[in-house]
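Results of the structural survey
Given next are the chains, with one letter for each unit.
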Amino acid sequence: MGGVFPVKWTLHPRSALTNRRTVEQAKGFLRERLDITVGEAFTLLRHHAQTTGTHLTDVAHQLISDPTTRTTILAALHETAHSHHAP
């Protein structure tokens, strides 16, 4: 049992860093594409993840690396962004 913990400890920070980078890339992508702040981009990502039952990092990964899914996610996020800014 003692030998398993160090392996997980070693792999976890690397995975967390990769996930964080992916989320940061997705936030930057949305900032540029939707002309919103980075904070608003994170809020949209989080909202989309919660409403679709998808992990935040999975949404970010799909947005950055899957052109097919990107279009669907962008459409949903664009609609959400505009519905929150409607007068």
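If you're wondering where the values come from, they're calculated on a predicted model, not measured in any experiment. (Residues numbered from 1 in each chain as written. Predicted model: local features only at pLDDT ≥ 70, side-chain atom pairs only at ≥ 80, totals over all residues. Heavy atoms only, no water.)

Secondary structure assignment for the protein chain yields 4 helices and 0 strands. Listed N to C, the secondary structure of the protein chain is α-α-α-α in terms of helices and strands. The contacts in the protein chain between residues at least 6 apart in sequence include a share of 49% that link residues at least 24 apart. In the structure as shown, the protein chain presents an accessible area of about 6,200 Å², 58% of it carried by carbon and sulfur atoms. (Helix = DSSP H or I, 4+ residues; strand = E, 2+ residues; numbered from the N terminus. Contact = heavy atoms within 4.5 Å. Areas by Shrake-Rupley, 256 points an atom, 1.4 Å probe, with all protein chains shown as cover.)

Here the focus is helix α2 (residues 38-52). Its 15 residues place the ends of α2 21 Å apart at the C-alpha level, agreeing with the 21 Å of an ideal helix rising 1.5 Å per residue. Among all positions of α2, only Ala 41, Leu 44, Leu 45, His 48 and Ala 49 are buried. Axial view of α2: buried residues confined to an arc of 130 degrees, hence all on one face. Of the exposed residues in α2, those oriented more than 90 degrees away from the buried face are Gln 50 and Thr 51. (Expected span 1.5 Å × (residues − 1). Buried < 20%, exposed > 50% of the residue type's maximum accessible area, 1.4 Å probe, protein only. Arc of directions from axis to C-beta.)

Counting 17 residues, the largest nonpolar core has Leu 30, Leu 34, Leu 44, Leu 45, Leu 63 and Leu 77 as the members making the most contacts within it. Every residue in contact with Leu 34, bar those within four places of it in the chain, is listed here: Leu 44, Leu 77 and His 78. (Core = buried A, V, L, I, M, F, W, Y, C linked by side-chain atoms within 4.5 Å.)

Despite not being glycine, Asp 35 has its phi angle at roughly 55 degrees, a positive value. Turning to its location among the elements, Asp 35 is positioned in the loop between α1 (4-34) and α2.

Burial in helix α3 (residues 56-65) covers these residues: Leu 56, Thr 57, Val 59, Ala 60 and Leu 63. Down the axis of α3, the buried set is contained in an arc of 160 degrees. They therefore lie on one face.

To continue, consider the pattern of salt bridges. Under the criterion given, the structure shown has 2 salt bridges. With its nearest N and O atoms 3.0 Å apart, the salt bridge here joins Lys 27 to Glu 24. Of this pair, Lys 27 and Glu 24 both sit in helix α1, 3 residues apart, which is roughly one turn of that helix. Lys 27 gets classed as buried once you look at its relative accessible area, which sits at 12%. The exposure class of Glu 24 is partly exposed, given its relative accessible area of 38%. A salt bridge links Glu 32 to Arg 31; the shortest N-O distance between them is 2.9 Å. (Salt bridge = Lys/Arg side-chain N within 4 Å of Asp/Glu carboxyl O.)

With respect to the element layout, Thr 22 can be found in helix α1. Of the residues examined, Thr 22 reaches a relative accessible area of 14% and is grouped as buried. Separated by 3.0 Å, the side chain of Thr 22 and the backbone oxygen of Thr 18 make a polar contact. With residues near it in sequence (within four places) discarded, Thr 22 still touches Thr 57, Ala 60, His 61 and Ile 64. (Polar contact = N/O pair within 3.5 Å; in protein donor to acceptor, adjacent residues only side chain to side chain.)

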